[in-house]
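Summary of structural features
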Amino acid sequence: MKILPYKRIKVTEGLYIMLSQHFYYTEFGVRDFEERRYTGNRYVNTGEPGTGFIEREVESHGYHEFVRSYTNRQKPSYLRMLLGKEPSYEKELAKARKALAEAHEPMRRQILEAYVNSLGIAQMEEQLERVVVGIKRKIGNKSNKFLVSVLSHYKSRIKKLEADMRSVEIHVKVLCTEEQYEAYKEVVDAFSKVTENRRVWQYNEDAKLKYEQVYLDMGIFDFIRSENYLPVLRDTRGRTFYILPTFVIVAKSNVDFECVPLKDLTIVGQELSIEEPVEVISQRLGDVSSMLRIPAYDATWYFNHVRSLVRLVAAINELKRRL
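Within each chain, residues carry numbers counting from 1 in the order of the written sequence. Totals for whole chains, interfaces and linings use every residue, but because this is a predicted model, local features are given only for residues with pLDDT of at least 70 and side-chain atom pairs only at 80 or more, for both listing and counting. In computing side-chain values, all of the structure's heavy atoms are included and hydrogens and water are not.

So, the packing of helix H4 (residues 89-102) against helix H5 (residues 106-139)
Packed helices, taken two at a time, are described by the angle between their axes plus the distance between the axes. The N-to-C vectors of H4 and H5 enclose an angle of 165 degrees; their axes lie 9 Å apart at closest approach. Of the possible angle classes, the one that applies to H4 and H5 is roughly antiparallel. Viewed along their axes, H4 and H5 form a crossing whose handedness is left-handed. Residue-level inspection shows Tyr-89, Glu-90, Glu-92, Leu-93, Ala-96, Arg-97, Ala-99 and Leu-100 of H4 in contact with H5, the latter providing Arg-108, Arg-109, Leu-112, Glu-113, Tyr-115, Val-116, Leu-119, Gly-120, Ala-122, Gln-123 and Glu-126. In this classification, the charged set is Asp, Glu, Lys and Arg, the nonpolar set is Ala, Val, Leu, Ile, Met, Phe, Trp, Tyr, Cys and Pro, and all remaining amino acids, among them Gly, are polar. Classifying every residue of the contact of H4 with H5 by side-chain character gives ten nonpolar, two polar and seven charged. Only the stretch in contact is used when fitting a helix axis, every axis being a line fitted to C-alpha atoms; angles between N-to-C directions are given from 0 to 180 degrees. Helical segments are the DSSP runs of H or I of at least four residues, strand segments are the runs of E of at least two, and each set is numbered from the N terminus. Each angle receives one of four descriptions, namely roughly parallel if under 35 degrees, roughly antiparallel if over 145, roughly perpendicular if within 65 to 115, and oblique otherwise. Rotating anticlockwise by less than a right angle from the far helix to the near helix defines a left-handed crossing, while the corresponding clockwise rotation defines a right-handed one. Here a residue-residue contact requires only that any non-hydrogen atoms of the pair lie within 4.5 Å.

Below, the structure is given as C-alpha cells:
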C-alpha cells in the first residue's frame, strides 16, 4: 500500500531522485514518440491503461465537460492514491489474466493475450517515465551535463520499448484482407464525419428527461493498434462499441467485453420523416433528423444530420459485403 507520494531511489552511482508514487498517464502504445511530440490532438485515457480516445476540436460545452470528467481524474490526488483508486498495472494485469483464463471465444482470447503482453511492457515504460520526471525535477533550471546524459539514457530505454510494444500489440491490418481493409478505411473516414455532429442522443428509461446526450469519438481499446484509430460508439448503459474490420467489440470494461462478427450484426440507419411518430423525440431533441440502430443490443442513437449517417451506413454495408 502506498503511503507517501514520493520515495527516494538510486538512479545511478551518485544520483538519487524523489520518485512519484502516483500513476503516470502516458500515450505509450497508443502513439509513437514522434507522433506524440509533433502531431495529433490530445489522447484522453478513460481509466484503464490502453483504452481511451482522441479529443476532437469542437465548440461544444457539453463535450468539453465530458473530456474534463476524465482529465480531472488524471491529476495527482493523494487521497485517490491512498485509497488505491488510481490506475494500477498490477491490478489490471491480475484482471486481464483472470479474464484470459476464463475466455473461450478465439477473438476475445487473442485480444486478452495481446493485452496482457502489452500491459507488461507498458508497466516498465510507466516506471521509466516516472524516473524521467524525477530527473527533470532534479535538473530544474540548472545546466548539468551529467543529469542530461542520464535523462537521455532513460529516454532511449523508453524508445526501445516502443518496438517491443508494437511487436505484441494487435494490428488492425492483420485482422482482415487488403480488400476488406480498404473498405474499413472508408468506414473509419465516414464515422469521423459523423463524430462532427454536435448533438447525438440516446433514449434512457432511467434518465430524468429520458434522452441523454452521448459523444462519439475515434479511440483505442486494449492497445489495439490502428493507424486511424477505432470508431467509438458510446451508449447510456455503460457500453462502448468499437468497430473493427471484421467484428465489433461491445465492452463494459477492458476485460469485460464480447466480439461480435460484423457480418452477423444488423446496423440500421434511417432518416426520420415528419410522418413518423416522433413527437416526443422532437419535443425533447428539437431538430433530430436521423437515427442509427443496433437491434441486437437495443441501442439507438439519434442525430441532427442525415447525410453523414447515410454515408456511414453505406460504408458499413459495403464492408459487410466483402466479409
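Once you've had a look at it, read on.
Digging into the sheet that holds strand E14 (residues 299-303)
Hydrogen bonds between backbone atoms are what pair the strands of a sheet, whose relative direction is either parallel or antiparallel. Taken together, the five strands give an open sheet; going across it, the order is E6-E5-E14-E13-E12, and neighbouring strands pair in antiparallel fashion. Each end of this open sheet is capped by a strand with a single partner; those strands are strand E6 (211-213) and strand E12 (268-271). Looking at each pair of strands side by side, their axes are set apart by 25 degrees on average, direction ignored. Two strands are said to pair when DSSP picks up at least two bridges between them. Examined bridge by bridge, E12 and strand E13 (residues 290-294) share four bridges and lie antiparallel to one another.

Some points on the sheet that holds strand E10 (residues 247-251)
One open sheet accounts for seven strands, arranged E3-E4-E7-E8-E9-E10-E11; its pairing is antiparallel. Of all strands in the sheet, those bounded by a partner on one side alone are strand E3 (43-45) and strand E11 (257-261). Ignoring which end each strand starts from, the neighbouring axes of this sheet average 35 degrees apart. Pairing of strand E7 (residues 217-220) with strand E8 (residues 230-234), which is carried by three bridges, proceeds in the antiparallel orientation. The residue of E8 that forms the bridge with Asp-217 is Val-232. The sheet contacts of H5 involve E10 and E11, and relative to E11 the element is tilted by about 130 degrees. Those strands touched by helix H7 (residues 178-194) are E7, E8 and strand E9 (240-243), and its axis lies near 50 degrees from that of E8.

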